[in-house]
Amino acid sequence: MASGILLMDIVLASPMQRWAERTMNAKLNGYTVRIGAVRPHLWRFAFDLNDLVITQTTHPNPPVAHFGALRFSLMARALLHFKLAGNLTIVRPALHIDLTQIQEEVRSHLSLKERGWQQAIESLFPFKFDQVKVQDGSVLYLSGGTASKPIQITQIAMATENVRNIAVSKDTYPSPVILEGILFDSGKVSFKGAADFLREPLVGARGEIRLEHVPLDRLAPLAEDYQLKTTGGFLSLQGWLEHTPEAQSAHLERVEFTNLQVDYVTSQATKTIEQKHAKQAIKLAKQVRNAPKLQIQVDSLSLRNSRFGFENKGARPPYRVFISQLSLDLAHLSNQTGQEASTFRAKGAFMGSGASTLSGKVRSSAKPADFEVQLEVKDAKLPDLNGPLMAHMGVDVADGLLSVFTEIKVKSGSIEGYVKPLITNLRISDRQKDRGKRLGKRVEMHVLQFLANLLKNRESKAVATVVRISGSTGGPKTNEWEVIRKLIGNGLANAILPGFQGPPTDHPNPSAKPGSPK
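Residues numbered from 1 in each chain as written. Predicted model: local features only at pLDDT ≥ 70, side-chain atom pairs only at ≥ 80, totals over all residues. Heavy atoms only, no water.

A.B. asks: Before we go on, may I ask you to explain the pairing of strand S1 (residues 31-41) in this structure?
C.D. replies: Along a regular strand, successive side chains alternate from one face of the sheet to the other. In this structure, S1 lies alongside strand S2 (residues 46-56), joined through 10 bridges in antiparallel fashion. Bridged to Tyr-31 within S2 is Gln-56. Hairpin connection of S1 to S2: four residues between the antiparallel strands, including Phe-45 at a positive phi of 50 degrees. (Pairing = 2+ DSSP bridges. Helix = DSSP H or I, 4+ residues; strand = E, 2+ residues; numbered from the N terminus.)

A.B. asks: Sorry, what's going on with a nonpolar patch on the surface here?
C.D. replies: On the surface, Ile-97, Leu-99 and Ile-102 cluster together into a nonpolar patch covering about 220 Å² of accessible area. Here Leu-99 shows up in helix H3 (residues 99-108). Owing to a relative accessible area of 39%, Leu-99 belongs among the partly exposed residues under this scheme. (Patch = residues over 30% accessible without salt bridge, like charges linked within 9 Å, V, L, I, M, F, W, Y side chains within 5 Å. Areas by Shrake-Rupley, 256 points an atom, 1.4 Å probe, with all protein chains shown as cover. Salt bridge = Lys/Arg side-chain N within 4 Å of Asp/Glu carboxyl O. Buried < 20%, exposed > 50% of the residue type's maximum accessible area, 1.4 Å probe, protein only.)

A.B. asks: What exactly am I supposed to notice about the environment of Glu-311 here?
C.D. replies: Mapping Glu-311 onto the fold places it in strand S14 (residues 294-312). Those residues in contact with Glu-311 that sit more than four places away from it in its chain are Lys-229, Tyr-264, Val-265, Thr-266, Tyr-319 and Arg-320. Among the polar contacts listed, one links the side chain of Glu-311 to the side chain of Lys-229, at a separation of 3.3 Å. (Contact = heavy atoms within 4.5 Å. Polar contact = N/O pair within 3.5 Å; in protein donor to acceptor, adjacent residues only side chain to side chain.)

A.B. asks: What is the right way to look at the pattern of salt bridges in this model?
C.D. replies: Two side chains of opposite charge can pair, provided their charged atoms sit close to one another. Counted by the stated rule, this structure contains 11 salt bridges. Put simply, Asp-185 and Arg-218 hold a salt bridge, and the shortest N to O gap is 2.5 Å. Of the two residues, Asp-185 is situated in the loop between strand S7 (175-183) and strand S8 (187-196) and Arg-218 in the loop between strand S9 (204-215) and helix H6 (220-224); the sequence distance between them amounts to 33 residues. Here Asp-217 and Arg-218 are joined by a salt bridge, their closest N and O atoms 4.0 Å apart. Three or more residues joined by partner-sharing salt bridges are found here, namely Asp-185, Asp-217 and Arg-218.

A.B. asks: Looking at this structure, how should I read the packing of aromatic side chains?
C.D. replies: Each aromatic ring pair is specified by the distance between its two centres and by the angle formed by the two planes. Applying the stated criterion to the full structure yields four aromatic pairs. Both rings, one in Phe-47 and one in Phe-72, keep their centres 5.6 Å apart while their planes meet at 50 degrees; by these two values the pair is tilted. Here Phe-47, found in strand S2, pairs with Phe-72, found in strand S3 (residues 65-74); they are 25 residues apart in sequence, far enough to count as distant. In this structure Phe-72 comes out as buried when scored by relative accessible area, which is 3%. (Phe/Tyr/Trp six-rings, centres within 6.5 Å; stacked < 30°, edge-to-face > 60°.)

A.B. asks: Honestly, the nonpolar core in this entry has me stumped. Any pointers?
C.D. replies: As a rule of thumb, soluble globular proteins bury nonpolar side chains together. Counting 50 residues, the largest nonpolar core has Leu-49 and Leu-52 as the members making the most contacts within it. With sequence-adjacent residues up to four places away left out, Leu-52 is seen in contact with Val-33, Arg-34, Ile-35, Ala-65, His-66, Phe-67 and Leu-70. Counting 15 residues, the second-largest nonpolar core is a separate cluster that includes Phe-322, Leu-382, Leu-402 and Leu-426. (Core = buried A, V, L, I, M, F, W, Y, C linked by side-chain atoms within 4.5 Å.)

A.B. asks: How should unusual backbone geometry be read in this particular structure?
C.D. replies: Of all residues except glycine, most have a negative phi; of all peptide bonds, most are trans. Pro-62 follows Asn-61 through a cis peptide bond whose omega is 0 degrees. Of note, Pro-62 is situated in the loop between S2 and S3. Omega for the peptide link from Arg-316 to Pro-317 comes to 0 degrees, which places this bond in the cis form. Note that Pro-317 resides in the loop between S14 and strand S15 (319-334).

A.B. asks: It is not clear to me how helix H8 (residues 386-393) should be interpreted in this structure. Could you clarify?
C.D. replies: Because each turn of an α-helix spans 3.6 residues, side chains separated by three or four positions end up pointing in the same direction. Those residues of H8 lying buried are Asn-386, Gly-387, Pro-388 and Leu-389. Note on H8: the residue one or two positions beyond its end, Gly-394, has a positive phi of about 75 degrees.

A.B. asks: Help me out: how do you make sense of the confidence of the model for the protein in this one?
C.D. replies: Low pLDDT marks regions whose predicted coordinates should not be analysed in detail. Put simply, the protein has an average pLDDT of 80, and 75% of its residues get 70 or more. Below pLDDT 50 for its whole length, residues 486-493 participates in 26 contacts with residues either more than four positions away or in separate chains. (pLDDT = per-residue confidence, 0-100.)

Set out below in structure tokens:
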């Protein structure tokens, strides 16, 4: 008896392989399935599909997916009740996402439903699955720039139950799901929720998502396409996601970046692409803002021990400005109107020396813009800014400290605020620094030094002014003559104290309030 069943398994193997390939390929559009072998096990109502490979018709290399085995077995207890139900184990599924193949998908304008994926699976397994398991799965993004450090999820393990073979109502997720994996070699990703695997044209799912200590260096090749040079960094987050073909929502309770280093790099060669990216960003922001089918909410976003910079390779000389030791906290972020205003507070070191704080609030979805910003930079070393000073003003300095205090408020289409820069211990000309410069340039440095000494306040030893900003958001105005008057007045008579201006006052004598301009 046993030998007869074994013989039947051998006899049925090749016909079942041809039937499985023919059945699946008949449903697919633009893709081809190849099965290495079929192993029937009649004695336990089971069969295995081994070495299953899926290729894109127009770009067959590399394969889109490779499955070590699909192992299916009918449940005996279900048969006793005249029902068909089974278990499926997917062994070593490896999905490959190739940029060329993605572009082909976009060009084809065929939906996933028209591709026939769900119909192909249902034609081979027209049963309800009591359990489905994935063992040692992986997803790999293939790109020339990511070859050394591939973008991938490995060690994927998934378990789900009650995968039905009939459609359910749109708001129902009948199949509980638990998924875990390793993201970018060391980061952990997990999902715990429920799914509707028969939702068309895409699977529907909702549940809790967690990422822990995911290294972001793998995204560096992709970031370079947008003039971003990134080094290191880790991401952790926790929240809830829901995805259906009709709508998507994300409620993230915690998002945290640590040890992230980012520089935006610009040059003459990138000006055209930067304009293109800017237009794309504006278009995307308009699409996301108040989108009825996309709900995004972030309760808390933080940045720790990071550095952000701006590098201008197109300037002469090239230069870089940055803020290091950056810590940032944002709260109440949303793409929908009617939400609580977002608040932010950041601390860092401008050019590595100037203690800086930035705080404020913003209604990101408000129209017109509605936000308040307060910035303070204290005692940044001026020689560290010689690059942008030479590139934009044609001067450099030998010594000095820069402090900046500014408050800006934008509401109902108007802008009001001020910028108050203070420079202390300014020394422009220096014999060692100016050695090798032409005579005219050295004379210019001495003249500037004379003017700086003339404008310097005798008590505070600082050069300072207050620049008022006002007008509509279409074109805020500053009074140039007021800037000059404040510079001269500060240098020859009065002192502008460091710190913020404080709330507006109608007092006839502004000097009565500490920190106000004379």
